[in-house]
Amino acid sequence: MEDHQDINKVFVDIALSEDRAANVGYTEGLHKGFHSGNAEAYHLGYHKGAECGAELGFYSGIAEATILLSREAKVCAAIEALKDGIANLSKVNQPDDANDDDMAIVRGKFHRLCSLLGIKNPFESDNKLAF
């Protein structure tokens, strides 16, 4: 009787071997793809974060220098709005596009400051994410 159960197990193993191999291959491929995708995403995020950091640092530097030179109320209000926008940016990644939306708001505030000062925004054409 015991031989009969063993032969059934062998037939089941043979019948399911293709499915098991496909599942193992799928799992291994998914694992490798996940890790290679994570590395690529990390590098993209790192470089994009560095670009945003440089842009925000520039905005902050212009705001700090301009506040010392200008006493005009509209300019001072625009500088304070820009500084508040920078301070209110999230320090962590958001799962949706909230960071991009917040950066667009800060860019708009800087653009307003540039308009009031009559200067060209050096980041105007460079603020799009490109792949």
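Below you will find a few notes about this structure. None of the values given here were measured: they were computed from a predicted structure. (Residues numbered from 1 in each chain as written. Predicted model: local features only at pLDDT ≥ 70, side-chain atom pairs only at ≥ 80, totals over all residues. Heavy atoms only, no water.)

### Considerations on helix α3 (residues 98-117)
Here α3 spans 29 Å end to end across 20 residues, near enough to the 28 Å set by a 1.5 Å rise per residue. Residues of α3 that are buried: M103, V106, R107, F110, L113 and C114. All buried residues of α3 project into a common sector of 115° when viewed along the axis, lining one side. Just downstream of α3 lies G118, where phi reads positive at about 75°. (Helix = DSSP H or I, 4+ residues; strand = E, 2+ residues; numbered from the N terminus. Expected span 1.5 Å × (residues − 1). Buried < 20%, exposed > 50% of the residue type's maximum accessible area, 1.4 Å probe, protein only. Arc of directions from axis to C-beta.)

### Describing the nonpolar core
Within the largest apolar cluster, 17 residues are counted, with the highest numbers of intra-cluster contacts made by L56, Y59, L82, V106 and L113. For this core, the secondary structure elements donating two or more residues are α1 (2-69), α2 (73-87) and α3. What Y59 contacts, discounting residues up to four positions off in sequence, is L82, I86, V106, R107, F110 and F123. (Core = buried A, V, L, I, M, F, W, Y, C linked by side-chain atoms within 4.5 Å. Contact = heavy atoms within 4.5 Å.)

### Overview of the pattern of salt bridges
It is possible for side chains bearing opposite charge to pair when their charged atoms get close. In this structure the tally under the stated criterion is four salt bridges. Between K83 and E64 there is a salt bridge, with its nearest N and O atoms 3.2 Å apart. Of the two residues, K83 sits in helix α2 while E64 sits in helix α1, which places them 19 residues apart along the sequence. Judged by relative accessible area, E64 falls into the partly exposed class, the value being 38%. Notably, a salt bridge pairs K83 with E80, separated by 3.9 Å at the nearest N-O pair. Pair noted here: K83 and E80 are both in helix α2, with a separation of three residues, about one helical turn. A relative accessible area of 26% means that K83 is categorised as partly exposed. You can call E80 partly exposed: its relative accessible area is 35%. In this structure, a network of salt bridges that share partners links the residues E64, E80 and K83. (Salt bridge = Lys/Arg side-chain N within 4 Å of Asp/Glu carboxyl O.)

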